[in-house]
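# Commentary on secondary and tertiary structure
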Amino acid sequence: MSEVVGMGYEVLDRMVRAVELVRERLLRTASALEGAGIPYCVIGGNAVAAWVAQVNPRAVRNTVDVDILLRREDLPAAAEAMTAAGFRYRHAAGIDFFLDGPNGGFEEGVHVVKAGELVRKDYLLPAPELSDAVEGDEYRFLSLEALVRMKLTSFRKKDQVHLEDLLSAKLIDATWVNRVPPELSARLRTVIEEMELPPDLDELSSDT
């Protein structure tokens, strides 16, 4: 029989610290690249969080890694800037990434997607261009339309969950089926049809 671990303050502190570390890693990355004048864009779960936080901070979903968009030609300069900020550049299995310090692991690293290129050969569309970035208060992140396209292109389980987050926050809706490229519209329709919508709190309040 497995041992039951209590949810003490130490465990809660570690949970909070894990979230803080991701944010710190994200801000260090943005600072290093901006300081070196290298165009970049935050993508993935952190970009989803940046959009959701604008309408419902309580619905923000935490993520363990940092994903960024870079141009292929900027990768050497980015590696130099990131190394100066304490990261280690690595390339393995066709993936460019930065490990955070000497003991950093891949899951907690900074993963690079090359702008305008196919992430995988079987993907329907290439990654967005850096012109799809928007300026945030602390870092640049992917525009909503480009983010939705990217999530529909990769369409892993976590991408579908991120799309549900955007739908639940009412940042996108069923009309987007006609706004995304035709080859992706069926995927968005599937997410919409299969997701469980949260209750409308305004409607619940009106019933009391």
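Note: the structure precedes this text.
Summary of the structure given here. (Residues numbered from 1 in each chain as written. Predicted model: local features only at pLDDT ≥ 70, side-chain atom pairs only at ≥ 80, totals over all residues. Heavy atoms only, no water.)

### A word on the pattern of salt bridges
Basically, it comes down to this: Here a salt bridge means any side-chain nitrogen of Lys or Arg lying within 4 Å of a carboxyl oxygen belonging to Asp or Glu.
The final tally for this structure, using the stated rule, is 14 salt bridges. Notably, a salt bridge pairs R140 with E135, separated by 3.0 Å at the nearest N-O pair. Each member of the salt-bridge network shares a partner with another, and the members are R25, R28 and D100.

### Some remarks on the layout of surface pockets
Rolled over the atoms, a probe as big as a water molecule pinpoints where empty space is left. Applicable threshold: Points on a 1 Å grid over protein atoms alone make up a cavity when a 1.4 Å probe fits among them but cannot get out, and a pocket when they form an open set with protein on both sides within 12 Å along at least five of seven lines; lining residues each have an atom within 4 Å of a point. Grid points are joined across faces, edges and corners, and a volume is the space filled by probe spheres set on the points. Each helix is a run of DSSP H or I of at least 4 residues and each strand a run of E of at least 2, with the numbering of both proceeding from the N terminus.
Taken as a whole, the largest pocket encloses approximately 890 Å³ of empty space. Lining the largest pocket are 39 residues; nearest its centre among them are D67, H111, V113, V119 and R156. Among the secondary structure elements, those contributing two or more residues to the lining of the largest pocket are α2 (44-55), β4 (95-100), β5 (110-114), α4 (144-154) and α5 (157-168). The leading source of residues in the lining of the largest pocket is α4, at five residues.

### Notes on α4
Where we set the bar: For every residue, the accessible area obtained with a 1.4 Å probe (protein chains only) is divided by the maximum for its type, and the residue is called buried under 20%, exposed over 50%, and partly exposed between those limits. Every residue pair with non-hydrogen atoms within 4.5 Å of one another is taken to be in contact.
The element α4 is largely enclosed, with a buried count of nine among its 11 residues. Listing the buried residues of α4 in full gives L144, A146, L147, V148, M150, K151, L152, T153 and S154. On its buried face, α4 sits against β1 (41-43), α2, β5, β7 (140-142), α5 and α6 (182-194). A positive backbone phi angle near 55° is found at F155, which sits one or two residues after α4.

### Structural notes on the side chain of D96
Convention followed: Polar contact is defined as a pair of N or O atoms within 3.5 Å, subject to the rule that within protein one atom must be able to donate a hydrogen and the other to accept it, and that residues adjacent in sequence are counted only when both atoms are side-chain atoms.
Its location among the elements puts D96 in strand β4. At 2.3 Å, the side chain of D96 forms a polar contact with the side chain of K114.

### Observations regarding the packing of α4 against α5
Our working definition: Between N-to-C directions, angles span 0 to 180 degrees; the directions come from axes that are lines fitted to C-alpha atoms, helices contributing only their stretch in contact. By definition, any crossing whose near helix is turned counterclockwise from its far helix by less than a right angle is left-handed, and any crossing with a clockwise turn is right-handed. The nonpolar class holds Ala, Val, Leu, Ile, Met, Phe, Trp, Tyr, Cys and Pro. Asp, Glu, Lys and Arg form the charged class, and all remaining residues, Gly among them, are polar.
At a minimum axis distance of 8 Å, the contact between α4 and α5 shows a crossing angle of 145°. Like other packed secondary-structure pairs, α4 and α5 cross with a definite hand, here left-handed. Along its contact with α4, which presents L144, V148, K151, L152 and S154, the element α5 presents D159, H162, L163 and L166. Across the contact of α4 with α5, the residue classes break down as five nonpolar, two polar and two charged.

### Focus on the pairing of strand β3 (residues 87-92)
Counted only if it meets this: DSSP-based pairing: two strands are paired if at least 2 bridges between them are found.
Where β3 and β4 come together, six bridges link them in antiparallel fashion. Bridge pairing in β4 links A92 to I95.

### Observations regarding unusual backbone geometry
In most cases, non-glycine residues show a negative phi, while peptide bonds are predominantly trans. Phi at A93 takes a positive value of approximately 55°, unusual for a residue other than glycine. Position of A93 among the secondary structure elements: in the loop between β3 and β4. The backbone of K170 sits at a positive phi, close to 60°, despite the residue not being glycine. Within the fold, K170 resides in the loop between α5 and α6.

Take it as geometry only, folks, not as evidence of what the structure does.
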